[in-house]
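# Architecture and fold: a report
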Amino acid sequence: MSAERSPTLHRPGLDSLRTVSIIATGSYVPDRVLTNTELEKFVDTTDEWIYTRTGIRQRHIAEDHQATSDLAIAAARKAMENGNIRPEEIDYLIVATCTPDMHFPSTACMVQKELGATNAACVDLSAACSGFVYAIDMARQYIQSGTMNTALVIGAEKMSCLLDWEDRATCVLFGDGAGAAILQARGDQYGILTSVLGGDGKLGDLLNVPGGGSRLPITPEVLADKQHVLKMAGREVFKHAVTGMAGAAQETLRRCGATIDDVACIIPHQANARIIQAISQRIDAPMEKFYVNLDRFGNTSAASVIMAIDEAARKGRIQRGDLVLLVVFGAGFTWAASLLEW
Ligand SMILES: CC(C)(COP(=O)(O)OP(=O)(O)OC[C@H]1O[C@@H](n2cnc3c(N)ncnc32)[C@H](O)[C@@H]1OP(=O)(O)O)[C@@H](O)C(=O)NCCC(=O)NCCS
């Protein structure tokens, strides 16, 4: 016997898909700047090596007492101020990070508490450097369907706490920071047109932090072996980052029926200037189309692309109505691209 459906049941939002836009952004970096020249004093490296291989001149490093949520909260407050958003309006709060304050509760819950965003569902998203683009696409689905109205999406990292400061091949690359975006349905534009998300777990060992999780909990041996810090096969990662990001960018444009000429600004993950140059050649986009600020911040992982979006918007490099292409790559491996009307 089939149960009779209640006439009062309904599927909220599915009848009218809404367009979803980033309506405001904000970012924060800790005050302390660590230049390549300062690094020379305690790492066997040179400013010349770092700059020519990566394009990085300096990075910001959090104070010992600052956790990822502190950076996230500072960025979120600016985004909320810029968007004139009250904490109670936020119904979805996502923090993309690979350096959460602790295993649990989520960093998103810690941010919620400080902001007083009492109506928000809270979750952390783990996709390493690709996390922010994954996260805005997750928020888009909820707002598009009408299930939620206002999302606060944050990319925040304290990468300095995962680094081996004796490994010159990795410690020179990363920095700390946070960026935040408010997403809402805005009827008068396309907003996020589409996103292409991907991953390949087979290549996970090329960039990881082996210890500190359930596979290899912290023990004196794990610490002595330095299994609790970031490990990377730089050359391999470089190659996959170029193919992953170029492929995602091209697929995103193809799905939207757009060409690179339609795009006003490409905002890539800020890992390495040479990676960005290689992508520019692969997708046949001039370097002037790329927004690059990694010289001042290094690779801030999940924070990098939203920090760059915020800066590009503040400087007028992206204007209302512009088509903006986001493209990211990270450990996992994971990659993502998103085309949006600003
Ligand atoms: C890390 C990276 C800059 C290294 O550049 P590279 O040209 O591949 O250099 P290699 O790793 O082959 O090392 C070349 C030499 O430089 C040395 N070297 C590495 N780091 C150095 C540093 N900071 N200063 C000076 N020398 C360094 C190496 O020891 C090696 O020396 P050797 O030839 O005597 O063995 C580059 O591979 C890279 O950017 N990869 C991608 C990393 C990334 O972006 N990861 C995050 C993705 S989300």
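Residues numbered from 1 in each chain as written. Predicted model: local features only at pLDDT ≥ 70, side-chain atom pairs only at ≥ 80, totals over all residues.

## As for the overall build of the protein
A count of helical and extended segments in the protein gives 11 helices and 13 strands. The C-alpha atoms of the protein give a radius of gyration of 20 Å, which matches the 20 Å a tight globule of 342 residues would have. Referenced to the eigenvectors of the C-alpha coordinate spread, the extents of the protein come out at roughly 70 × 50 × 45 Å. Buried residues in the protein amount to 47% of all 342 residues. (Helix = DSSP H or I, 4+ residues; strand = E, 2+ residues; numbered from the N terminus. Rg over C-alpha atoms; globule rule 2.2 N^0.38 Å. Buried ≥ 20, exposed ≤ 12 C-beta atoms within 10 Å, placed from the backbone.)

## A few points about the packing of helix α3 (residues 68-83) against helix α4 (residues 107-115)
It is the contact of α3 with α4, at a shortest axis distance of 9 Å, that shows an interaxial angle of 50 degrees. Between α3 and α4, the crossing angle belongs to the class labelled oblique. Of the two elements, α3 crosses α4, and the hand of that crossing is right-handed. From α3, T68, S69, A72, I73 and A76 reach across to α4, where they touch T107, M110, V111, E114 and L115. (Axes fitted to C-alpha atoms, helices over the stretch in contact; angles between N-to-C directions. Parallel < 35°, antiparallel > 145°, perpendicular 65-115°, else oblique. Left-handed = near helix turned anticlockwise from the far one by under 90°. Contact = placed C-beta atoms within 7 Å.)

## A closer look at the environment of T147
Secondary-structure assignment places T147 in the loop between α5 (131-145) and β6 (150-158). Residues T147 and D91, 56 residues apart in the sequence, show an inter-C-alpha distance of 9.6 Å.

## Things to note about the packing of helix α8 (residues 234-256) against helix α9 (residues 273-282)
The N-to-C vectors of α8 and α9 enclose an angle of 40 degrees; their axes lie 9 Å apart at closest approach. Our classification of the angle between α8 and α9 gives oblique. Crossing geometry of α8 relative to α9 is assigned as right-handed. For the pair α8 and α9, contact is made by F238, A241, V242, M245 and A246 and by I275, A278, I279 and R282, respectively.

## Points about the site of the ligand
Residues in close proximity to the ligand total 20 residues, the closest being T45, R168, G234, F238 and A271. Listing elements by their share of the shell around the ligand, those giving two or more residues are α2 (47-54), α6 (168-171), α8 and β12 (323-330). A per-class count over the shell around the ligand returns 11 nonpolar, six polar and three charged. Shared between two domains, the shell around the ligand holds at least three residues of each, these being domain 1 (20-185) and domain 2 (192-341). (Near = placed C-beta within 6 Å. Nonpolar A, V, L, I, M, F, W, Y, C, P; charged D, E, K, R; others polar. Domains from an automatic or database assignment.)

## What about the pairing of strand β4 (residues 92-96)?
Of all five residues in β4, five are buried, a share of seventy percent or more. Every second residue of β4 is oriented toward a common face, with Y92, I94 and A96 on one face and L93 and V95 on the other, all of them buried. Of the strand pairs in this sheet, β4 and strand β5 (residues 121-125) are connected by five bridges, and their pairing is parallel. The partner of A96 across the bridge, within β5, is L125. Handedness of the crossover is the feature at issue here: the chain leaves β4, passes through α4, returns alongside β5, and the resulting connection is right-handed. In this sheet, β6 lies alongside β4 in parallel orientation, the contact comprising five bridges. When the sheet's bridge partners are listed, A96 is paired in β6 with G155. (Pairing = 2+ DSSP bridges. Right-handed = clockwise from strand over helix to strand, strands pointing away.)

## Details of the domain arrangement of the protein
In terms of domains, the protein is made up of domain 1 (20-185) and domain 2 (192-341). Each of domain 1 and domain 2 has a C-alpha centre, and these two points are 14 Å apart. Domain 1 puts 45 residues into the contact, and the matching count from domain 2 is 42 residues. If you tally residues by element for the side of domain 1 that touches domain 2, the top one is α5, at seven residues. For the side of domain 1 that touches domain 2, a count of residues per class yields 23 nonpolar, 15 polar and seven charged.

## Things to note about the nonpolar core
A75, A76, I94, V153 and I154 are the most contacted members of the largest nonpolar core, which totals 106 residues. Taken together, domain 1 (20-185) and domain 2 (192-341) each give at least three residues to this core, which thus spans both. Excluding anything up to four places from it in sequence, A75 contacts G26, S27, Y28, I154, A156, A178, G179 and A180. (Core = buried A, V, L, I, M, F, W, Y, C linked by C-beta atoms within 7 Å.)

## Focus on the environment of T334
Along the chain, T334 turns up in strand β13 (residues 334-341). In this view, T334 contacts A127, A128, S130 and G199; residues no more than four positions away in its chain are not counted.

## As for α5
For α5, which comprises 15 residues, the first-to-last C-alpha distance of 22 Å matches the rise-based estimate of 21 Å (1.5 Å per residue) to within 8%. What α5 keeps buried is the set G131, F132, V133, Y134, A135, I136, A139, R140, I143 and Q144. With its phi angle positive at about 90 degrees, G146 sits one or two positions after the end of α5. (Expected span 1.5 Å × (residues − 1).)

## Quick word on the environment of E63
Structurally, E63 can be placed in the loop between β3 (58-60) and α3. Between the alpha carbons of E63 and V43 there is a distance of 20 Å; along the sequence they are 20 residues apart. Each residue touching E63, except ones within four places of it in the same chain, is listed here: P30 and R32.

## Side note on the sheet that holds strand β1 (residues 20-28)
Read across the sheet, five strands follow the order β1-β7-β6-β4-β5 without closing on themselves; strand pairing throughout is mixed. The sheet is open, and its two edges are formed by β1 and β5, each paired on a single side. Taking the axes of each pair of neighbouring strands and ignoring which way they run, one obtains an average angle of 20 degrees across the sheet. Docked against the sheet, α3 engages β1, β4, β6 and β7 (176-185), running at close to 125 degrees with respect to β1.

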